Each structure stands twice: as C-alpha cells, then as structure tokens.
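The chain contents come next:
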Amino acid sequence: MLKLFERDILSVEEISTSQTGIDVRDLCVHLNGKLVLNHINLRIPKNKITAIIGQSGCGKTTLLNSFNRMNELNRNHTCNGEVWIDDRNIYDRRERVSMLRTQIGMVFQRPNPFPMSIYENVCFGLRIQGEKNRRKLDDSVERALKNAALWEEVKDRLFDSALLLSGGQQQRLMIARALALEPSILLLDEPTSALDPLTTLHIEELINALKKQCTLVIVTHNMQQAARVSDYAAFMHKGELIEYSDSDSLFTMPAKQQTEDYITGRYG
Amino acid sequence: MRRQIQLNTHISAKFNQELESLKHSVLTMGGVLEQQLVNTLVALKEKAPSLAERVALNDSKVDIMETQVEQECMRIIAKRNPTAGDLRLIMTVSKTATDLERIGDEIARVARLVTLNKIPDSDLVFTGMLDIGNRNVSMMRATFDAFARQDDKAAILAHQQDRDIDRVYKKVLEQTAAEIQLNPAEINQWMDVLWAIRSFERIGDRCKNICEYVIYLTYGRDMNSASMKKTVKKLLK
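It should be emphasised that the depicted structure is a prediction, and the values quoted were computed from it without experimental measurement.

## Digging into the packing of helix H3 (residues 84–115) of chain B against helix H6 (residues 187–219) of chain B
Residue and element names in this part refer to chain B.
- Relative orientation of the contacting elements H3 and H6 amounts to 165°, with a least axis distance of 9 Å. Here H6 runs roughly antiparallel to H3, going by the angle between their axes. Note that H3 runs across H6; the crossing there is left-handed.
- Residues belonging to the contact of H3 with H6 are distributed by class as follows: 13 nonpolar, four polar and nine charged.

Printed below as a string of structure tokens:
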C-alpha cells in the first residue's frame, strides 16, 4: 500500500522481549505506609523515549525511581514485583545497586552541579569507579560533553567552576555527567521545568538525539513536552497505570476516557 | 504582511522533517492527480476505455493519500502545537488535500464517461471538452508550482486561469444545449456528457481554492477580503 509518511514506532503490543529496555512486572511500592504504585505492568522499549505523565502525586517519580532503586533511600518503603533490565531482575538480592546506577543515569528537575570544575563534574563518576588514566578521562569527558551538545560552549574553559554556567548549560552538564558512564538507560525527572522555552527545545532536541545510544524515560508535568518529545507515553493516576501506548495514538485517540479527560484538560 | 515560511529553521530537526514531508505529500498527491488527468484526456482523445478504467480504479489511491495526509496533520497538531506560519501551513495542507481528493473524484467521473462509451458525437462539444481539460492541466501545474514555491504572485496568476476555463465551459455548455435541442430523444446520453463537462469546470474551481490557500499561507489573510483584493491588484501591477 502507498505510504506517504514513514513511521518506525511499533504499537505497545508489538514490542518483543529483545526490544524491551525495562520490563516492569506487577510492581507495587509502598512509601511511608502508603500505596504509591499499584500493580504496574509495562514494557519500555529500547532506544526510544517514553514519557510518564499524570497529576502531581500520581506516582510518576516513584515509578522512575524504582528503575534505579532510588526509592530505597526512603527507609520506610516496601517494594513488591519485578523490574527486568538486561535479562535480570534488579530487585534480586544479588543485584549490586552501585553497579546498577552506573548503568542507569539520572537527571533531576534542578541542575545540581558539584562545586568543582566542569571537567571534574563530568568525570566524577569515572573517578569513583577508579579510573585514573588521564587520556581515558579526557576522551570520556570530551565524548560526554559532545553528546550533551555542550562541548563547543565549554571546551575552552573546562577547568572553570561548573557553577558559573547558565541554567540550560548546567542541565546539559548534568546530562553529560550521566552520559560519561555510558549508561544504557537515562532517567529524566522533569529535566526542563526550571528552564526557559528555547533552552527547553534545545534540551528536547538533545534528548531526541540521545535515543540512538540509550533508552530514555522522562517524567514531565508538561503535556505538550511529553507529546513533542516522546515515542511512547504512559498516563498514571493515583498510583495506577491507566493507559500506555505509542504517543501518536495516546495524544490523538486515547483508548481510555480518563486519559482523554486528562490530556484535554477536563480532569478533576 | 507577506511571509515566506521557512520549514528548516526549527530547533527540532524532527519537526522540520515532519513539515517538509507534509508539504511533499501534497505535491506527491498533486503529481498523481496530474497524471490521472493527462491519462483521462488521452483516453478521451483516443477513445481508450481500458486506460479510462485504470484512471477510475486509481482514484482509490488518491482517497487513501488524502486520509493519510489528514491523519498526519492531526498528529502534528496534537503533538507539536504548531503556531503562526506552521499552523497556517498545516491548515493549508489539510484543506488542499480535501480539494485534491475532490479533483480526483471529478477526474474519475470524466474517465467513467469514456469507460461507458458515452463520448459525445458532436465535434464541437468533443473539442471543447478537450480544450477545458488541457486548460485544467495547465492550471493544475501552475497551482502546484505556486504551492511548492509558496509563491503568492504565481498563485494569483494561476487563480486567474480559471476565468478562461469558465469562459470555455460556458461556450461548451451552449453547444451541448444546442445538440440536445437537435436530438431531444438522446437527452440521457447528453446528461452524462454535461456532468463530465461540469466536472472539468469544477477542477478549475478546486485549483482556484488551492491558490487561495497558498495566498492565505503567505499573507495570513483570506483572499476574498477587500484589503486582500487591493494587495492582489498591487502585486499584479
């Protein structure tokens, strides 16, 4: 059949096991005695951008945090279910959390550079891992900064304090810091909510370019951003996954009335 | 104010690509239709029902293309929240696709006249039909060219070609009426011819609509407004 527009997005049902980056199976999380995630099942595809949307307190960030076991920082938490990444359940007792977090990078809402130079910020994770070879560190820093589209702006002042960078640059530096460890998954928690609209578009363009090398999961309150940037989108409400599909379908023809009400601004 | 829409200047390369391929899809549709019209005219001229049959069958292709363009417009609106020139481009593409689909239907109607072997016996009417058809081809080409280049002046010139089509249409209509008066018993046969002539005339109207969309795209104003008429006069001077 004649096709005017090419699409490389499969429907959620068509995603095979080999194409899955994160497989969440029946995940339930309680934080401080409260059920925050209620039997979540979803398959996040590899090398695609998946957005998680929903109201504040619906469990988006908790779900994101459960992909690198960040919820464990809260002592009063329980977690049931499985999260499979690279053919292993990351909640298995044998899993080494520090190693897991080198494989899964995370970028937060507000850029949080360490009070040190741009160079040291980027190679911080590598140094923690014990990398001392100067040439390897230089290469990694350059590669990470290039991938984060920051190299051209900072290449002449790598040893200046990272705190002198603008908000947008700092956020890209955070992405570079995460990329230096060459993660297979990058988690982004509201990465542009503190940035102006144009810088936001630059970061989104960067996110789009990064999917060639890793799987990205983005939590955002900004529905337009989720629509613009994502290949797949999941809508959550009160700890439950209401709908998960390719974002073309979710934003043009959602299957559930609840999703339609939320994305059209009729909720609550 | 006149503005050429730059498709390749967004921060998002993907958005640039989406708009480019949307614009390209209209031109692809236009190319298919132009070929359909040329084939219909050949079928009419050479009284070749098999070629006309192929044209009639191909019309479903154009319908599918229209659906795809509409869906893509909807998808881009939902996902990109386009504004200003981008929004005008998407609306223009959407409306153009509808007109192109209708042009496809009109062409298929003329093609069916050939497949049913109802080509008029009268030389005058037959030549008149071919004349309108050829003028349609020329107007279609000028219209798509104006669309591709977002050229408002070219769109106005293409728009004016419809006047000639209407003039020839009126003449052929009078000749057909005279033929009917001579052979009132063959009225049913002539009704089909009349519909086909009408279809040719409608193709011109649809092209005219597309030219107006092109002008709307660059000016952001309806061509029928008084201020726009003044602009048109100024442009043509």
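## Things to note about the sheet that holds strand E10 (residues 240–246) of chain A
All names here are of chain A.
- Spatially, six strands are ordered E6-E7-E8-E3-E9-E10 in an open sheet, and the strand pairing comes out mixed. The sheet is open, and its two borders are formed by strand E6 (104–107) and E10, each paired with just one other strand. Here the strands of the sheet are splayed against their neighbours by 15° on average, with no regard to which way each runs.
- Its contacts with the sheet put helix H7 (residues 167–179) on E6 and strand E7 (185–189), and the angle it makes with E6 is roughly 170°.

## What about the pairing of E7 of chain A?
Residue and element names in this part refer to chain A.
- Among the five residues that make up E7, five are buried, leaving the element largely enclosed by the rest of the structure.
- Side-chain alternation along E7 places Ile185, Leu187 and Asp189 on one buried face and Leu186 and Leu188 on a second face that is also buried.
- Direction of pairing for E6 relative to E7: parallel, over a ladder of four bridges. Across the sheet, residue Ile104 finds its bridge partner in E7, namely Ile185.
- Here E7 pairs with strand E8 (residues 215–219) via five bridges, running parallel. Bridge pairing in E8 places Leu186 opposite Leu216.
- Crossover E7 to E8 through helix H8 (residues 197–210) is right-handed.

## Describing the confidence of the model for chain B
- Per-residue pLDDT for chain B has a mean of 89; in total, 96% of the residues score no lower than 70.
- Two numbers describe this predicted complex: its pTM, 0.85, and its ipTM, 0.79.

## Let's talk about the sheet that holds strand E5 (residues 88–89) of chain A
Residues and elements named next belong to chain A.
- Strand order in this open sheet of four strands is E2-E1-E4-E5, and the pairing throughout is antiparallel. With partners counted over all chains shown, the strands left at the sheet margins are strand E2 (34–45) and E5, one partner each.
- Pairing geometry for strand E1 (residues 20–31) and strand E4 (residues 77–85), over seven bridges, is antiparallel. Following the sheet pairing, His30 is matched in E4 by Thr78.

## Looking at the nonpolar core
All names here are of chain A.
- Of all hydrophobic cores here, the largest spans 68 residues; its most connected members are Ile52, Ala176, Leu187, Leu216, Val217 and Ile218.
- Here this core gets six residues from one element, more than from any other, and that element is H7.
- With residues near it in sequence (within four places) discarded, Ile52 still touches Lys60, Leu63, Leu64, Val217, Val219, Ala234 and Met236.

## Thoughts on the environment of Ile9 of chain A
Residues and elements named next belong to chain A.
- Among the secondary structure elements, Ile9 is positioned in the segment before E1.
- Ile9 gets classed as partly exposed once you count the C-beta atoms within 10 Å, which come to 14.
- For the pair formed by Ile9 and Leu64, sequence separation is 55 residues and the distance between their alpha carbons is 22 Å.
- The contact partners of Ile9, leaving out residues within four places of it in the chain, are Asp231, Asp246 and Asp248.

## Topic: helix H4 (residues 123–149) of chain B
- Compared with an ideal rise of 1.5 Å per residue, which puts 27 residues at 39 Å, H4 of chain B spans 39 Å between its outermost C-alpha atoms and is within 8% of the ideal.
- Gln150 of chain B, located one to two residues past H4 of chain B, shows a positive phi value of around 50°.

## A short note on the interface of chain A and chain B
- Listed by partner, the interface residues are 14 residues for chain A and 19 residues for chain B.
- Counting residues per element, the ones that place at least two in the side of chain A that touches chain B are H8, helix H9 (223–229) and helix H10 (247–252) of chain A.
- Per-element tally for the side of chain A that touches chain B: the top contributor is H8 of chain A, with five residues.

## Looking at the pairing of strand E9 (residues 232–237) of chain A
Residues and elements named next belong to chain A.
- Within E9, five of the six residues are buried, which leaves the element mostly enclosed by the surrounding structure.
- Pairing geometry for strand E3 (residues 49–54) and E9, over five bridges, is parallel. Within E9, the position partnered with Ile53 by the bridge is Phe235.
- As paired elements, E9 and E10 share six bridges and run antiparallel to each other.

## Topic: the packing of H4 of chain B against helix H5 (residues 152–182) of chain B
Residue and element names in this part refer to chain B.
- Close contact between H4 and H5 brings their axes to 9 Å; oriented N to C, the two are set at 165°. Of the possible angle classes, the one that applies to H4 and H5 is roughly antiparallel. The two elements H4 and H5 cross, and the hand of that crossing is left-handed.
- Of the residues that constitute the contact of H4 with H5, the class distribution is 15 nonpolar, seven polar and eight charged.

Basis of the calculations
- Residues numbered from 1 in each chain as written.
- Chains lettered and ligands numbered in written order.
- Predicted model: local features only at pLDDT ≥ 70, side-chain atom pairs only at ≥ 80, totals over all residues.
- Axes fitted to C-alpha atoms, helices over the stretch in contact; angles between N-to-C directions.
- Helix = DSSP H or I, 4+ residues; strand = E, 2+ residues; numbered from the N terminus.
- Parallel < 35°, antiparallel > 145°, perpendicular 65-115°, else oblique.
- Left-handed = near helix turned anticlockwise from the far one by under 90°.
- Nonpolar A, V, L, I, M, F, W, Y, C, P; charged D, E, K, R; others polar.
- Pairing = 2+ DSSP bridges.
- Contact = placed C-beta atoms within 7 Å.
- Buried ≥ 20, exposed ≤ 12 C-beta atoms within 10 Å, placed from the backbone.
- Right-handed = clockwise from strand over helix to strand, strands pointing away.
- pLDDT = per-residue confidence, 0-100.
- Core = buried A, V, L, I, M, F, W, Y, C linked by C-beta atoms within 7 Å.
- Expected span 1.5 Å × (residues − 1).

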